[in-house]
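Take a look at the letters that make up each chain.
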Amino acid sequence: MIILLLGLPGAGKGTQAKRIAEDLRIPHISTGELFRKAVQERTELGLQVREYMEKGELVPDGVTIGLAVKRLAGADCEKGFLLDGFPRNVIQAEALDQYLASRSMRIDRVIDVAVDETLLLERLTGRRVCSGCGASYHQIYQPPQNADRCDLCGERLIHREDDQQSTVIERLRINKDLTDRLACYYKAAGILRTVDGSQEVGAVSSEILECLDIRSDGK
């Protein structure tokens, strides 16, 4: 089975991707992991990825597609895989479709993990990180025992620039546009399903499995 998960930052897409991939015993392939591995291995594409990342720029479609196709050619992907973060846009989606068609394969289901943007803003702006050990907290969902201090080392907790409200709002705006376009693309193909990502983690997983016609008890 070939599955693609869509979702805005903070929707819990990464968490669900890992859970579903483990449940179905198929590889979980994320764009972030592809980039990190390529950089570590210092491949030709990896050196290009590092160059763009060091400049704070988005990795071009051609490089991203090249990395993804190389990974999907792996023997462990022959019986299916779950994609998380790729494709990022319609250009990449079309390239993926072309690659899969060349191997007589296709995406079985695209799952959009939908969460209200107000809740996403709460989830993303509430994060605090320890300035000492790097431990992560959340003002609402995982608060420290002592305000603004790390439970582990006692150092001050900081609100990173990436988690500031203005930054998060812009990040959500950009990603929403990309995600909406992808959702329309896959809806037209008849393979898109939407789940309520505001539920408890296990409930979201169960709803995703139902969309895949698979019950969480494996029957």
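This text goes with the structure placed above it.
The present account deals with the structure reproduced in this document. (Residues numbered from 1 in each chain as written. Predicted model: local features only at pLDDT ≥ 70, side-chain atom pairs only at ≥ 80, totals over all residues. Heavy atoms only, no water.)

## Examining the side chain of D163
Short version of the rule: For helices the rule is a DSSP run of H or I covering at least 4 residues; for strands it is a run of E covering at least 2, with both sets numbered from the N terminus onward. Burial classes follow relative accessibility: with a 1.4 Å probe on protein chains only, a residue under 20% of its type's maximum area counts as buried, one over 50% as exposed, and anything between as partly exposed. Contact criterion: two residues are considered in contact whenever any of their non-hydrogen atoms come within 4.5 Å of each other.
The topology assignment puts D163 in the loop between β7 (157–158) and α7 (165–188). Judged by relative accessible area, D163 falls into the buried class, the value being 1%. Those residues within four positions of D163 in sequence are excluded, and the remaining contacts are L124, T125, R127 and V168.

## Some details on the sheet that holds strand β2 (residues 28–30)
Strand pairing in a sheet relies on backbone hydrogen bonds. The paired strands run either parallel or antiparallel. What counts is decided by this rule: At least two bridges found by DSSP between two strands are what make those strands a pair. Geometry is summarised by axes, namely lines fitted to C-alpha atoms with helices restricted to the contacting stretch, and by angles between N-to-C directions that run from 0 to 180 degrees.
One open sheet holds the 5 strands; their spatial order is β2-β3-β1-β4-β8, and the pairing between them is parallel. One side of each edge strand has no neighbouring strand; the edge strands of this open sheet are β2 and β8 (192–196). Pairwise comparison of adjacent strand axes, ignoring direction, gives a mean angle of 25° for this sheet. Here strand β1 (residues 2–7) pairs with strand β3 (residues 81–84) via 4 bridges, running parallel. Paired with L5 across the strands is D84, a residue of β3. With respect to the sheet, helix α2 (residues 31–41) is in contact with β2 and β3, its orientation differing from that of β2 by roughly 75°.

## A short note on the sheet that holds strand β6 (residues 136–138)
Strand order in the open sheet formed by 3 strands is β6-β5-β7, and the pairing between neighbours is antiparallel. What marks the edges here is a single partner per strand, and that holds for β6 and β7. As judged from the 2 bridges shared by strand β5 (residues 127–130) and β7, these two strands associate in the antiparallel manner. Within β7, the residue paired with C130 across the bridge is L157. Seen against the sheet, helix α6 (residues 117–125) touches β5 and β6 and runs at an angle of roughly 15° to β5.

## Examining unusual backbone geometry
Here the amide bond leading from F86 into P87 is cis, since omega sits at 0°, within 30 degrees of zero. Mapped onto the fold, P87 is located in the loop between β3 and α5 (90–102). Despite not being glycine, R25 has its phi angle at roughly 60°, a positive value. Position of R25 among the secondary structure elements: in the loop between α1 (13–24) and β2. With a relative accessible area of 79%, R25 lands in the exposed category. Even without a glycine there, the phi angle at D148 is positive, about 65°. Within the fold, D148 resides in the loop between β6 and β7.

## Some details on the environment of P27
Mapped onto the fold, P27 is located in the loop between α1 and β2. With a relative accessible area of 14%, P27 lands in the buried category. Sequence-distant contacts of P27, that is, excluding residues within four places in its chain, are made with A21, R71, D76, C77, G80, F81 and L82.

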